[in-house]
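Structure at a glance
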Amino acid sequence: LEPSLTELFELMLKKPDEVLDCLGEPKYKQLLRKIAADPPFKHVSKDIRTCPFLLGYLVMDEELESDGKTSATEQKAQFVLARAEDIFIVDNSFLRRQFSMLVSPMEQQLEEFYNLIGSKYVSQVVKKEFQVEGRAQRNTPLSISFAERIEERAPLLLSSSISSRPLISNASKVLNKQYLEIVQVDDIKAKYSFGRNSKLLNVTCCSKKSGQNMVLCITENFDWFDVGTAIGALILERCQLEDAFFLSSLLEASLDTLRSRGFPVDRILRPVAPPPPPPPPPPRPQPPKPQPVEAKPNHSISSNTSSMNGSTEPVKPNSTNQSKQSGQREGDENGGAGFEQILSQMFPHFPPDAIRELLGPNPSKDKAREVANQLASGNFQNETQNNIGIEAAGGDQNGSPKPQKDIESTHNPKKEEMKAPKKKPSSSFMGKMLGSFRHQSHSAKPPSSENTRVIHQHAGHAHNSGPDSNKPSSPANDAAHQKSLESILQQSIESSRSVGGAGVSSPETILKSLPQGMELGSDGCEVIPSQHIHPFVGPYGTRKSRNGIRVFTAAQDTSSLVAPQFLSDNFDAVDQFADILEKLCLVYRLNTSTVAVYYDPSGNTIAFNSNKSLYFNLRFFCALHRRNVDSACYSYWFTVMAHELAHNLCTAHNKEHGKYTESFVMLYLPGLAKLLSTKGMQ
């Protein structure tokens, strides 16, 4: 039998030299790759950190001469076994060439593994200081034009859709002209230090702190690459060579060149402002209010009242003059358009003209509540059944059933006259509908609900709503609107922000307004739970998982001891969950810096969106999928991620949020199918 990976790893820790001599450098490196791909340990222990079992390479650059002239550079490397802390990961080849040091193999998987064990990046260990020599001049033509270029390109430099590198928390403030001063100097020298060795080199741009502000120094013939390096060090958490080159390209190239390369220059630098809202229509004269006729309340409606703003009061046979006056004032201020829009969203399959006719001119809040009760109770069912997608099995007056059949779309004036709206006592139906609409509950059913079959129709992107909703739409128009929706979804993903390192502390929030889509709860409001999480250091000492996703723990008093202990004992589950989230980020084309894992042992929150950053609760992954990561697991968290991404576009859980969630799922479902296919899942 061949030894297991765990047994080989234990042997490497005990006798690394013998294993290397036995296998040779190529096979030893291959064994390191297998260990890096699936580490046979839960935590990085002290023995692992201090054992010299890692391959380190001492790289020597030799210049080759041809006919007395330098033509190329050849690299020779010697390998030795060393501890993780004595080996450095090359993220800046320029700094590596300045000093002699042991470096890790230049493979991403091995670099991440070395970093996990304790190796540091070259840019972290080589210290850099700047010495400004000569005159320091302000407001010169060069410094003024340079400042204008920085101000013009700042949105590009800070855009999350341009670079995947995580920005520091106050990056936008750093590039603000109130905090960044441009100074022209004669000469700049950079002093690089590694251990006891140091080198002095000439550069053309650097940054220095001056009190609360930053000063960017440039020489007369500055190099844009030096500028990109200096600015990258100011706004990025870690600036590598490719970052400096990329930022310098954004600054140096003309806007036309950037456009030709595909950068969304106009959308970022000159975003189009939304058109101003149309002026409100002039108030219409209020006709005399007819005397309401009392009718028995519907048996499916609760006996408690819930007003449009969520307040409650006992049911009274007759509304007081005060409530009538307040409802009348609101109707006068807002007009019937607001109530008509609300009812159209609650009952999307009723014709808007019919709802407008039922409301009448300048409807009050009581009138809107009355119409909502009548539309839901089925008083107008025969008249509008075909429009709302209902097929009913009726019966005669004696209760004998009739054969079920589709209701024809007819308009009967006599029935309309017979089914005239009657005044009902104020009820809680409106409040209940506002709360139950989000969860698709049916607390208030029509009297004939036992013999009623509801056909749920899925509406497309609402580009043809309103009075002309029955007007035929061309295929090209439908395709254009779908393309527009897809563009909105993609832009919302690009607007996601990197997870902050400090955690989240947000109080419980109650939405008491009545925004579009009816997101209010059953008690007249929607409660957004509080979130209190702070960073968890973890076994790697980075506050992140193995693949670089930030990790947090609950900070409540009741969880402050339980949550950290659970994470310490189950950090392998964190890495497992983070790996799944990373693959789903690839499906949605979402930067992994915008997602985080947290553990909260209490509450019912599976995930939440805070400031366009997504946080996923490890507790539910451990309970549902830890032991069996299959297609159901990926489908579950794919849908949860779609739900949270929809909050980039809509805060509340309303009809609009549901539409965006479904749209995210439909647009990116092929990517999920491809992911499952590559993993051999169905």
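First, a word on what this report is: a plain description of the structure on this page.

**Section: the sheet that holds strand β13 (residues 504-506)**
Read across the sheet, six strands follow the order β13-β16-β17-β18-β20-β19 without closing on themselves; strand pairing throughout is mixed. Every other strand in the sheet has two partners, leaving β13 and β19 (607-610) as the edge strands with one partner each. For this sheet, the mean inter-axis angle between neighbouring strands, taken without regard to orientation, is 30°. Alignment of strand β17 (residues 550-554) against strand β18 (residues 595-599), held across four bridges, turns out to be parallel. Bridge pairing links F552 to Y598 in β18. Sheet strands in contact with helix α21 (residues 562-569) are β17 and β18, and its direction is about 140° off that of β17. Those strands touched by helix α22 (residues 571-588) are β17, β18 and β20 (613-617), and its axis lies near 150° from that of β18.

**Some points on the side chain of E644**
If you trace the backbone, E644 turns up in helix α24 (residues 631-646). If sequence neighbours within four positions are ignored, E644 has contacts with A607, F608, N609 and L614.

**Let's talk about the packing of aromatic side chains**
Aromatic ring pairs are reported here in terms of the distance separating the ring centres and the angle at which the planes meet. Evaluated as defined, the whole model comprises 23 aromatic pairs. An angle of 85° between the planes, with centres 5.7 Å apart, marks the rings of F9 and F53 as edge-to-face. Residue F9 is located in helix α1 (residues 5-14), and its partner F53 is located in the loop between α4 (46-50) and β1 (54-66); the two are separated by 44 residues in the primary sequence. Its relative accessible area of 4% is what places F9 among the buried residues. The rings of F577, F616, F621, Y636 and W637 are connected pair by pair, giving a single aromatic cluster. Above the face of the Y179 ring, K173 is positioned so that its terminal group lies 4.7 Å from the ring centre. The positively charged end of K659 is found above the aromatic ring belonging to Y660, 4.6 Å away from the centroid.

**Notes on the pattern of salt bridges**
Following the criterion strictly, the structure yields 14 salt bridges and no others. Here the salt bridges share partners, and the residues they tie into one network are R83, E85 and D86.

**Comments concerning the nonpolar core**
Soluble globular proteins tend to bury their nonpolar side chains together. Core analysis: the largest hydrophobic core is formed by 96 residues, its most contacted members being F53, F113, F616, L618 and M641. Broken down by element, the residue count for this core peaks at eleven residues, all from α22. When neighbours within four sequence positions are excluded, F616 is seen to be in contact with F577, L581, V595, A596, V597, Y598, I606, A607, W637, V640 and M641.

So, how was this worked out
- Residues numbered from 1 in each chain as written.
- Predicted model: local features only at pLDDT ≥ 70, side-chain atom pairs only at ≥ 80, totals over all residues.
- Heavy atoms only, no water.
- Pairing = 2+ DSSP bridges.
- Helix = DSSP H or I, 4+ residues; strand = E, 2+ residues; numbered from the N terminus.
- Axes fitted to C-alpha atoms, helices over the stretch in contact; angles between N-to-C directions.
- Contact = heavy atoms within 4.5 Å.
- Phe/Tyr/Trp six-rings, centres within 6.5 Å; stacked < 30°, edge-to-face > 60°.
- Buried < 20%, exposed > 50% of the residue type's maximum accessible area, 1.4 Å probe, protein only.
- Lys NZ or Arg CZ within 6 Å of the ring centre and 35° of its normal.
- Salt bridge = Lys/Arg side-chain N within 4 Å of Asp/Glu carboxyl O.
- Core = buried A, V, L, I, M, F, W, Y, C linked by side-chain atoms within 4.5 Å.

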